[in-house]
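Chain and residue survey
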Amino acid sequence: MSRFEEAKRLNRLEDVLAADGVVLKKTGRSLMARCPLPGHDDSTPSFSVLPGKQTFKCFGCSRSGSVIDYVAFRDSVSPEEAVHRLLMGAKGHDQAERVASKIHKGNGTPAPPSFPPSRSAAALLGDVADYYHRALADSPAARQYLSGRGLGDPATIRRFRIGFAAGTLVSTLASDGVQETSLRELGILTARGREHFLGMVVVPIPALDGQGVAGFYGRRIEDRDPKHLYLKGGHRSVLNAEAAPVYPDQLVLSEKILDMLSFWVVGIPNAIPCYGASGFTSVHEHVLREAAVRRAIVAFDRDEPGIQGAERVARRLADLGIEAFRLEWPEGVKDANEFLTREIAPGRRPGREEFAQLLAEAKPFAPPAATVAVSPAAPTPATSPAGAPATPATPAAAAQPAALAALVSVTDEEAVFAFPDTLYTVCGLDRIGRDAMRVVVTAESAGKSHTDRLDLYLSRSRRSFALALQGRFDLPAVRVEEDLSALRAALAELHRRKRVDALEARAVPPMTADAEREARELLAAPDLLDRVRDAYLRLGVAGEDDTKTLAYLVATSRKLDRPLSLILRSASAAGKSTLLEKTVELMPPEETEYLSRVTQAALYYVDALALRHRLLVVDERAGSAEADYALRSLQSRREISLAVPQKTPSGGMKTRILTVYGPTAIMESTTADEIHDENANRAWVAPLDEAPDATRLVHAAQKAAWAHAGRNGEAERTRILRLFQNAQRLLAPVTVQIPFAPLLAFPAEWTRARRDLDRFLGLVAASAFLHQYRRERLVGEPPVVLAALDDYAIAYGLARRLLAGAYAEISAPAAALLATIRREVERLARAQRVEPEEIVFRRRDVREWSRLPDHQVKRLMRQIEDFEYIETVRRKSGSSHRYRLLDAPAAAGSFDELTTPEDLARAIAETAIPELRQKRDNPGERTHPAAAARG
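Since the model is a prediction, treat every value here as computed from it, not as a measurement.

Rules behind the numbers
- Residues numbered from 1 in each chain as written.
- Predicted model: local features only at pLDDT ≥ 70, side-chain atom pairs only at ≥ 80, totals over all residues.
- Heavy atoms only, no water.
- Helix = DSSP H or I, 4+ residues; strand = E, 2+ residues; numbered from the N terminus.
- Buried < 20%, exposed > 50% of the residue type's maximum accessible area, 1.4 Å probe, protein only.
- Areas by Shrake-Rupley, 256 points an atom, 1.4 Å probe, with all protein chains shown as cover.
- Axes fitted to C-alpha atoms, helices over the stretch in contact; angles between N-to-C directions.
- Parallel < 35°, antiparallel > 145°, perpendicular 65-115°, else oblique.
- Contact = heavy atoms within 4.5 Å.
- Nonpolar A, V, L, I, M, F, W, Y, C, P; charged D, E, K, R; others polar.
- Pairing = 2+ DSSP bridges.
- Core = buried A, V, L, I, M, F, W, Y, C linked by side-chain atoms within 4.5 Å.
- Phe/Tyr/Trp six-rings, centres within 6.5 Å; stacked < 30°, edge-to-face > 60°.
- Arc of directions from axis to C-beta.
- pLDDT = per-residue confidence, 0-100.
- Lys, Arg positive; Asp, Glu negative; His and termini not counted.
- Salt bridge = Lys/Arg side-chain N within 4 Å of Asp/Glu carboxyl O.
- Polar contact = N/O pair within 3.5 Å; in protein donor to acceptor, adjacent residues only side chain to side chain.
- Patch = residues over 30% accessible without salt bridge, like charges linked within 9 Å, V, L, I, M, F, W, Y side chains within 5 Å.
- Charge placed at Lys NZ, Arg CZ, Asp CG, Glu CD.

On to the overall build of the protein. Helix and strand counts for the protein stand at 36 helices and 34 strands. In the protein, which comprises 935 residues, the share counted as buried stands at 48%. As presented, the protein carries roughly 45200 Å² of accessible surface, and 51% of it is formed by carbon and sulfur atoms.

For any two helices packed against each other, the geometry comes down to the angle between their axes and how far apart the axes lie. Viewed as axis vectors pointing N to C, helix 30 (residues 812–832) and helix 32 (residues 854–866) meet at an angle of 85°, and their least axial separation amounts to 9 Å. Classified by the angle their axes make, helix 30 and helix 32 are roughly perpendicular. Where helix 30 approaches helix 32, its residues P813, A814, L817 and L818 are matched on the opposing element by L860, M861, Q863 and I864. Of the residues in the contact of helix 30 with helix 32, the class split is 7 nonpolar, 1 polar and no charged.

This next bit is on the sheet that holds strand 33 (residues 882–885). The sheet built from 3 strands is open, its strands ordered 31-33-32 with antiparallel pairing. Since the sheet does not close on itself, it has two edges, and those belong to strand 31 (840–842) and strand 32 (870–873), each with one partner. Taken over all neighbouring pairs, the strand axes of this sheet differ in orientation by 45° on average, direction set aside. As defined by bridge partners, strand 31 adjoins strand 33 across 3 bridges and the pair is classed as antiparallel. From the neighbouring strand, R842 faces strand 33, where its bridge partner is R882. Contacts from helix 31 (residues 843–850) reach strand 31 and strand 33 within the one sheet, and its direction differs from that of strand 31 by about 75°.

As summarised here, the arrangement of the 5 strands in space is 22-23-26-21-27, forming an open sheet in which the pairing is parallel. Taken across any chain shown, the strands that pair with only one partner, and hence form the sheet edges, are strand 22 (592–595) and strand 27 (684–687). Each adjacent strand pair in this sheet contributes to an overall mean axis angle of 15°, direction not counted. Relative to strand 27, strand 21 (residues 565–569) runs parallel, the two sharing 4 bridges. Bridging from a neighbouring strand, I567 pairs with V685 of strand 27.

Ranked by internal contacts, the top residues of the largest apolar core, which has 69 residues, are L586, W684 and F760. Considering each element in turn, this core owes the most residues, 10 residues, to helix 28 (residues 753–770). Ignoring sequence-local partners within four residues, the contact set of W684 consists of L550, L564, S565, L566, I567, R759, F760, L763, A799, L802 and L803.

With that out of the way, let us pick up the packing of aromatic side chains. Inspection of the entire model under this criterion finds 22 aromatic pairs. Between Y217 and Y230, the ring centres sit 5.3 Å apart and the planes meet at 45°, which makes this aromatic pair tilted. One end of the pair, Y217, is in strand 8 (residues 213–220); the other, Y230, is in strand 9 (residues 228–230), and 13 residues separate them in sequence. Ring geometry for Y230 against Y275: centres 5.2 Å apart, planes inclined by 80°, an arrangement best described as edge-to-face. Within this pair, whereas Y230 is found in strand 9, its partner Y275 is found in the loop between strand 11 (271–273) and helix 13 (282–290), the two being separated by 45 residues in sequence. Given a relative accessible area of 22%, Y230 falls into the partly exposed group.

All right, on to helix 20 (residues 513–523) then. Listed in full, the buried residues belonging to helix 20 are A515, A519, L522 and L523. One face of helix 20 carries all of its buried residues, which in axial projection span an arc of 95°. In helix 20, the exposed residues that point more than 90 degrees away from the buried face are A513 and D514.

Mean pLDDT over the protein stands at 79; residues scoring 70 or higher make up 82%. Note on residues 90–119: pLDDT is under 50 here. Beyond four places in sequence and across chains, it has 45 contacts.

Quick look at the side chain of R219 now. Of note, R219 is situated in strand 8. The side chain of R219 is buried and forms no salt bridge, while D223, the nearest opposite charge, is found at 6.4 Å. Contact partners of R219, with chain neighbours within four places excluded, come to Y145, R149, M200, V201, K227, H228 and L258.

This brings us to the environment of H450. Here H450 shows up in strand 20 (residues 448–455). Residues H450 and R472, 22 residues apart in the sequence, show an inter-C-alpha distance of 8.0 Å. Apart from the residues lying within four places of it in its own chain, the contact partners of H450 are V441, T442, A443, F465, A468, L469, R472 and F473.

Quick look at the side chain of T592 now. Relative to the assigned elements, T592 resides in strand 22. Residue class for T592 comes out buried when judged on its relative accessible area of 8%. Separated by 3.3 Å, the side chain of T592 and the backbone oxygen of P589 make a polar contact.

Moving on to the environment of G306. Structurally, G306 can be placed in helix 14 (residues 304–319). Overall, the relative accessible area of 1% leaves G306 in the buried class. Remark: the alpha-carbon pair of G306 and E255, spanning 51 residues in sequence, is separated by 7.5 Å. Excluding residues within four positions of it along the chain, G306 makes contact with E255, A277, F300 and D301.

In this section: a negative patch on the surface. A grouping of D412, E413, E414 and D430 is seen on the molecular surface, where their side chains present a negatively charged patch. Here D412 shows up in the loop between strand 16 (406–410) and strand 17 (414–418).

On to the environment of D530, then. Looking at where D530 falls in the secondary structure, it is placed in helix 21 (residues 528–538). Classification of D530 by relative accessible area gives partly exposed; the value is 44%.

So, on to the pattern of salt bridges. All told, the structure shown has 40 salt bridges when counted by the stated rule. With a closest N to O distance of 3.4 Å, R843 and D854 form a salt bridge. Of this pair, R843 sits in helix 31 while D854 sits in helix 32; the two residues are 11 residues apart in sequence, bridging distant segments of the chain. With its nearest N and O atoms 2.5 Å apart, the salt bridge here joins E871 to R884. With E871 in strand 32 and R884 in strand 33, this pair connects stretches of sequence that are 13 residues apart. Connected through salt bridges with shared partners, the residues K256, D259, D301 and D335 form a single ionic network.

Structure follows, in structure tokens:
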């Protein structure tokens, strides 16, 4: 039986259609449905299936044939490839595999890999994976090997269940009732009963359906052959295949599994591995096609097999309609794992930034397949200045192939292309994506014009536009379709260049030796925070020293695993936006996102890693309230996920999980007097100083700026920003340890204190992280920076007032207004020689005393009255509201239970904690300054 006959026997046409989500309804002897084939937008059922003959015919698009023809039309592949896909996806996997093996055995072509084994086999392989994973903990040599390859991260080991084959598998599993025969059949044991992966670190490869394990990869930890092994029986799955549907806009293809793990360990999860330079299998094609991947970066080795293999993969990706780009490793670096393990500075290896930079610089394998020269040029000689051709097209000219298009002009929204006999204006460039090119095209020729909206990716859309021009311009439709195909390629290239430019704009600029030296000196300065506050002042932010310090520490914490958040609160025009803007300017631009407004689901649709270790600034909470839940989840869980329904190419529906990873430092501003507890207990809420003295400081800074305008102001500003941005880039990814944390006292009467203590310790950690060049480190990988008493003093000075306000009965603005009322009432009482409780005042008096608008006075006085600090004096009907002050204690909050820096210093001196005692007695034996760690 031939492959074609076997494919038809194993695949009923109705079953294949049902798997594609096509709903068939019986009509007479046939089954009818809306045509599922690409290029046919079927509004009424015109797709007929004859079950007896196992054939189909569409009366709308005129396509017909067997199940093989259906798959060929559906996937735009040859009949031979359609047969192969049907055999691979048939219900009888084992039988299809035997048939394929027999066929390929005769012509020397390797058999295609099979899909996952039976559930029982996958479950048994899962048991083996669990045993190997547990065995890794008992093998120091294997763990040392992984650490030497930069893959010793415990989270990565747990995530991929990395294990070690120590040779004790049979005896252990035998006690659990597992027969050696089963392990031999699966290839875990050799014919002689020896472990196939003995002495190797092993990585299990989960089945595509997530049920059990489909295979293993083994890497020998000793330097002897064979160094690499896979489970026998062909490659049935792909490691980290779940990344494809999550990152269809950019997927990384590595040559080997350890290379893929190297991407993962630095925080780049959108990578899947191939099985060597020639190991891009049909299973990979299946995974990429099902996930509708649109762009892939091939990160193969920098050697001859890797280069050739990458070219082959690029061709196969092109056949799948996927943009292919090549990642080029630096000179002297062979692959991803070698790049990960090299030192780029004393004691520092490449991290996510360095890997991301290489990905951003990836280049396409070949120019787009287009006959269009996309370069700025004047209209062709045959085109008049107005864009109309000098003479109508002749039949001879129409018979010639389409000439090159010249890009006349381009903006963010519009591009104009000149062809020899037609001028095309394309509007809507900002809406072009990888899977749609819905634009408005205006064609002008011989003084006539025609405008229509179309999707240049759809052949029927181009055909309709071409027929319209044929009737109006007397141009052959075939020629117009060639023009539109050229326009499509030109616009795709413009879109690609725009994305590349955006990536380059966020690329890290090179740092000169002098700039690096200056940045290091800044980080090592004993008065670093004083210099930070001075930088704010030079950038135009006067006063607010504590708030500036807090904002800078919160922004710096973006590099920590548990970053901080900040909400600036004040009346309008107090300077919240200015402080936020200057904080963002002091950070590296490639690590910040400044947004004016965030809609409800907007954050779920950014790139999965766009917010990882970034500073996210939302200018005004009032305009982004609908995004509160996403922002809170990002603060608490350090990632957000959203399940959305998505239409598949076959017309069915599939749920896609959108995940965006943190951690992210978040800063916002608001004019609201009260902030919801769900937001307030996740962030530091800092009010700005609205007193007249603070306003005078702002005025002085404004006057100085105008008085010295033009005196090297921009040059000085550029110098400050460059210095502080470079300093931020030099902050190494270290872990912060607070050894004195057990000695701290913290109020426990309120439930929110559970979050507040963690946030307070996070502030201590942010200070230690910023001052890492002046703090001691524990030698290890990754290095650990020890927080100092100075860091606690900084956090204590910033946080005590804010925490006291958070635990006060009334809000800070209300407390400030109450203090103003109390001061003025006591002044009047002294003048009138009466008790303060006898003074009656109106809301108008409060407005005059506080200089606040009436709506704000109303709201705050209602709060003060609710908590019984003032009361309403009842008068006759029609009279205005009058109030008097009650004899109540001060409304200010108290936070005296928090350990003072002085008390902490005494506790450290008396402590029995080994880490603190050892550090105090023998600091040089265990730690060393960060400067010494840098050589």
